[in-house]
Amino acid sequence: LAGRSFRPEGTVVTFPNGVKVGGDEVVVMAGPCSVESREQIFTAASQVKAAGAKFLRGGAFKPRSSPYSFQGMGLDGLKLLREVGDTTGLLIISEVMEISQIEVMLPYVDCFQLGARNMQNFNLLREVGLVRKPVLLKRGIAATIEELLLSAEYVLSGGNYDVMLCERGIRTYETYTRNTMDISAIPVIKHLSHLPILGDPSHGTGRRDMVPAMARASVAAGADGLLIEVHPNPDKAVSDGAQSLFPQQFSKLMDELRIIAPAV
Ligand code: PEP
Ligand code: MN
């Protein structure tokens, strides 16, 4: 079902407000790694919206490497996301980490994000295949493109055809960047699959100074959209501050992207 031949014309995921991912326009999803407070998320939302983002991202349930790191605001974070989404008109994307959260999140999000660490959580994949809400499936830290497509197959085979894929960098021997952004995965996935593919240059590099170049490269390589971390005050971010853009940097990047893809 994930193969290109199933839908040679390509999948377009259409959201209730008419935003389409996989069509002619490059769609940008931006916002902080984590929802931290009411003030933080409302400020971030107005900043990314002003720059042209169509989605606000923000984690309420966070997959942290250490159990002692901030784990997310949970339900309170989801409520803030919904409120800010309704206020600004931005679509809301947030990560679901386990099956029990699907039901909890349904009223609050417009799109489920499945994180790199859960790309092969097959039970979770099956369950999101049963809901009728779009899913952004991120490539696992050490997953091949074929494994990513097989994971998408789990969701599609449940009947949920609104699946978007995301290249977010893979772990290699290179340590200069947090992960190695596999730009070539974008044209490969375009060739092998009909599903929209987004680039995540934030997790792909782990470094704010490298994010714009990899964002532009993703779009030049044919990405249907981008997932970018932006924080009103990155130095104070509770997670992923080092890779979060300052709002002015994001706005400048959006202007640059419009030169590559006029519809951004
Ligand atoms: C995130 O988007 O904040 C995140 C945790 O991403 P990933 O699953 O790609 O690490
Ligand atoms: Mn993050």
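What comes next is a walk through the structure. The residue numbering used here restarts from 1 in each chain and proceeds along that chain's sequence as written. All chains are assigned letters beginning with A, and all ligands numbers beginning with 1, in the order in which they are written. Residues qualify for local features only when their pLDDT is at least 70, as the model is predicted, and side-chain atom pairs are given and counted only at 80 or more; totals for whole chains, interfaces and linings, by contrast, use all residues.

### Digging into the overall build of the chain
When helices and strands are tallied, the chain shows 9 helices and 10 strands. For the chain, the C-alpha radius of gyration of 17 Å lies close to 18 Å, the compact-globule estimate for 264 residues. When the backbone C-alpha atoms are referred to their principal axes, the chain occupies close to 45 × 40 × 40 Å. Backbone-placed C-beta atoms define the burial measure: a residue is buried with 20 or more other C-beta atoms within 10 Å of its own, exposed with 12 or fewer, and partly exposed in between. Looking at the chain residue by residue over its 264 residues, the buried ones come to 52%. Residue pairs in contact within the chain that sit at least 24 positions apart in sequence constitute 67% of those at least 6 positions apart. Under the DSSP-based scheme used, a helix requires at least four consecutive residues in state H or I and a strand at least two consecutive residues in state E, with every element numbered from the N terminus. For the radius of gyration, the atoms used are the C-alpha atoms, and the globule rule reads 2.2 Å times the number of residues raised to 0.38. Here the contact rule is simple: place C-beta atoms from the backbone, and any two residues whose C-beta atoms are within 7 Å are in contact.

### Section: the pairing of strand 5 (residues 91-95)
With respect to burial, strand 5 is a largely interior element, 5 of its 5 residues being buried. Burial along strand 5 is two-sided: the face carrying L91, I93 and E95 and the face carrying I92 and S94 are both buried. Strand pairing requires that DSSP identify at least two bridges connecting the strands. Here 3 bridges tie strand 4 (residues 55-57) to strand 5, and the two strands are oriented parallel to one another. Considered in strand 5, the bridge of F55 is made with L91. Place the viewer so that the strands point away; then a crossover is right-handed whenever the path from the first strand over the helix to the second strand goes clockwise. In this fold, the crossover linking strand 4 to strand 5 by way of helix 2 (residues 75-88) has right-handed handedness. For strand 5 and strand 6 (residues 111-114), the ladder comprises 3 bridges, and the chain directions are parallel. Its bridge partner lying in strand 6, S94 is registered against F112.

### As for helix 8 (residues 211-220)
Taken together, the buried positions of helix 8 are occupied by V211, M214, A215, S218 and V219. The buried residues of helix 8 occupy one face: seen down the axis, they fall within an arc of 140 degrees. Structurally, helix 8 contributes buried residues whose contacts are with helix 6 (185-192), strand 9 (197-199), helix 7 (201-205), strand 10 (225-229) and helix 9 (247-260). Backbone geometry just downstream of helix 8 places G222 in the positive-phi region, at approximately 110 degrees. Our arc is simply the arc of the directions from the helix axis toward the C-beta atoms.

### Describing the nonpolar core
A set of buried residues drawn from Ala, Val, Leu, Ile, Met, Phe, Trp, Tyr and Cys, joined through C-beta atoms within 7 Å, is what defines a nonpolar core. With 76 residues, the main nonpolar core has V28, L81, L137, A152 and I228 as its most contacted residues. The greatest single-element share of this core, amounting to 6 residues, is contributed by helix 5 (residues 145-157). Leaving out residues up to four positions away in the same chain, I228 has contacts with V28, A30, P201, S202, V211, A215, L245 and F250.

### Focus on the packing of helix 1 (residues 38-51) against helix 2
For the pair helix 1 and helix 2, interaxial distance at closest approach is 10 Å and the crossing angle is 35 degrees. Every pair of crossing elements has a handedness; the one defined by helix 1 and helix 2 is right-handed. Contacts between helix 1 and helix 2 involve R38, I41, F42, A45, S46 and K49 from the former and L80, L81, V84 and T88 from the latter. Tallied by class, the residues present in the contact of helix 1 with helix 2 amount to 6 nonpolar, 2 polar and 2 charged. In this analysis an axis means a line fitted to C-alpha atoms, helices contributing only their contacting stretch, and an angle means the value between N-to-C directions, from 0 to 180 degrees. Crossing handedness: left-handed means the near helix sits turned counterclockwise from the far one by under a right angle, and right-handed means the same turn made clockwise. Polar here means any residue other than Ala, Val, Leu, Ile, Met, Phe, Trp, Tyr, Cys and Pro, which are nonpolar, and Asp, Glu, Lys and Arg, which are charged; Gly is therefore polar.

### Re unusual backbone geometry
A positive phi angle, near 55 degrees, is found at D240, a position not held by glycine. Along the polypeptide, D240 turns up in the loop between strand 10 and helix 9.

### Some words on the pairing of strand 3 (residues 27-31)
For a regular strand, the rule is simple: side chains alternate between the two faces of the sheet. Of all 5 residues making up strand 3, 5 are buried, and the element is well covered by its neighbours. Neither face of strand 3 is exposed, since V27, M29 and G31 on one face and V28 and A30 on the opposite face are all buried. Where strand 3 meets strand 10, 5 bridges bridge the pair, whose relative direction is parallel. Considered in strand 10, the bridge of A30 is made with I228. When strand 3 meets strand 4, the two strands line up parallel, connected through 2 bridges. The residue of strand 4 that forms the bridge with M29 is F55. Assessed by its sense of winding, the connection that carries the chain from strand 3 through helix 1 to strand 4 is right-handed.

### Comments concerning the site of ligand 1
For each residue, a C-beta atom is placed from the backbone, and the residue counts as near a molecule or strand when that atom lies within 6 Å of it. Close to ligand 1 lie C33, G59, P63, G115, A116, R117, K138, R168 and H203. Per-class residue counts for the shell around ligand 1 are 3 nonpolar, 3 polar and 3 charged.

### A word on the packing of helix 8 against helix 9
Interhelical geometry of helix 8 versus helix 9 gives an angle of 25 degrees and a closest axis separation of 10 Å. Comparing the axis directions of helix 8 and helix 9 gives the class roughly parallel. For helix 8 against helix 9, the interelement crossing comes out right-handed. Along the contact surface, helix 8 presents P212, A215, R216, V219 and A220, while helix 9 presents L253, E256, L257 and I260. Of the residues assigned to the contact of helix 8 with helix 9, the class counts are 7 nonpolar, no polar and 2 charged. Roughly parallel here means an angle under 35 degrees, roughly antiparallel means over 145, roughly perpendicular means 65 to 115, and every remaining angle is called oblique.

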